[in-house]
Amino acid sequence: MFKPKKIFILENGKQKEISFEHFMYLKENDESFKSKTFVYTNGMIFEADPHKRNEYYSDKRRAKYITEMMKELGVVVISYDSLDTNDFWGESILVDFSPGPEELVEEKIMNEKLYQSISMLSPTEKYIIKSYYFDELTDQKIGDVLGVAQNTVSYRRRKVLKKLAKFLKN
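Residues numbered from 1 in each chain as written. Predicted model: local features only at pLDDT ≥ 70, side-chain atom pairs only at ≥ 80, totals over all residues. Heavy atoms only, no water.

Peer 1: How would you explain the nonpolar core if you had to name every residue and give the values?
Peer 2: Counting ten residues, the largest nonpolar core is built from Ile7, Ile9, Ile18, Phe20, Phe23, Met24, Leu26, Phe33, Phe38 and Ile45. When contributions to this core are tallied by element, the ones reaching two or more residues are strand 1 (6–11) and helix 1 (20–29). By residue number, the principal contributor to this core is helix 1, which donates four residues. In contact with Ile7, not counting residues within four places along its chain, are Lys16, Glu17, Ile18, Ser19, Phe20, Phe23 and Ile45. (Core = buried A, V, L, I, M, F, W, Y, C linked by side-chain atoms within 4.5 Å. Buried < 20%, exposed > 50% of the residue type's maximum accessible area, 1.4 Å probe, protein only. Helix = DSSP H or I, 4+ residues; strand = E, 2+ residues; numbered from the N terminus. Contact = heavy atoms within 4.5 Å.)

Peer 1: Could you give me a rundown of the side chain of Ser131, with the residues and numbers involved?
Peer 2: You can see Ser131 is positioned in helix 4 (residues 123–134). Excluding residues that lie within four positions of it along the chain, Ser131 makes contacts with Glu136, Leu137 and Ile142.

Peer 1: Which residues make up helix 6 (residues 150–169), and what values go with them?
Peer 2: Owing to its 3.6 residues per turn, the α-helix aligns residues three or four sequence positions apart on the same side. In this model helix 6 runs 29 Å from its N-terminal to its C-terminal C-alpha over 20 residues, within 8% of the 28 Å that 1.5 Å per residue would give. Three or more residues of helix 6 are buried, namely Val153, Ser154, Arg157, Val160 and Leu164. The arc that holds the buried residues of helix 6, viewed along the axis, is 125°, so those residues lie on one side. Set apart from the buried face of helix 6 by more than 90 degrees, the exposed residues are Asn151, Lys159, Lys162, Lys166 and Lys169. (Expected span 1.5 Å × (residues − 1). Arc of directions from axis to C-beta.)

Peer 1: Provide a residue-level description of unusual backbone geometry, including the pertinent values.
Peer 2: Backbone geometry places Asn12, a non-glycine residue, at a positive phi of 55°. Note on Asn12: relative accessible area 77%, which makes it exposed.

Peer 1: Describe helix 1, listing the residues and the values that go with them.
Peer 2: Every buried residue of helix 1 is listed here: Phe20, Phe23, Met24 and Leu26. Viewed end-on, helix 1 has its buried residues packed into an arc of 165°, placing them on one side of the element. Looking at helix 1, the residues exposed on the side facing more than 90 degrees away from the buried face are Glu21, Tyr25 and Glu28.

Peer 1: Can you explain the sheet that holds strand 3 (residues 37–41)? Please cite residues and give values.
Peer 2: Taken in spatial order, the four strands of this open sheet run 2-1-4-3, and their pairing is mixed. With one partner strand each, in any of the chains shown, strand 2 (14–18) and strand 3 form the two edges of the open sheet. Looking at each pair of strands side by side, their axes are set apart by 30° on average, direction ignored. Pairing geometry for strand 1 and strand 2, over five bridges, is antiparallel. (Pairing = 2+ DSSP bridges. Axes fitted to C-alpha atoms, helices over the stretch in contact; angles between N-to-C directions.)

This is a description of form; function is not addressed.
Listed below in structure tokens is the structure:
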């Protein structure tokens with residue numbers, strides 16, 4: 001038997017994920033469950049109200065009809081659904097993950113605050129942060145340069161991070 005990647009049922013108007021085993025148990029033992037309607041898409045099963053389920057399948061039939069008509073006319077049709085695999089959802093390539101204007105402004109403000117905060121550190125504190133986070137040096141190598149033990153560098157770095165966090169909160 002086919003086992004979907006995920007199964008969702010409606011609970012208080014929201015989709016709730018359940019296990020395949022729980023789904024099969026409900027299907028076999030719960031009389032009210034037998035009257036529920038489901039939509040299968042992208043390897044997952046979703047409970048849907050009958051009207052929306054009918055709309056969904058009507059749209060799918062319409063899309064299939066249009067695709068067939070386009071093929072008859074000699075038009076090459078590539079569907080994002082045809083890219084679906086067990087590990088990849090074709091439509092996911094349509095999602096724009098680039099940051100919006102709000103995120104860009106927020107990032108710029110945080111970068112400016114971080115730059116101002118770092119400028120308030122002592123030269124040794126700046127060196128520790130730059131060496132560890134930007135140059136990717138270990139606490140041991142930083143300690144060798146500063147002439148202190150590795151655990152001292154680790155302690156100072158944590159202390160500087162707390163100081164930066166305090167600056168950034170203000």
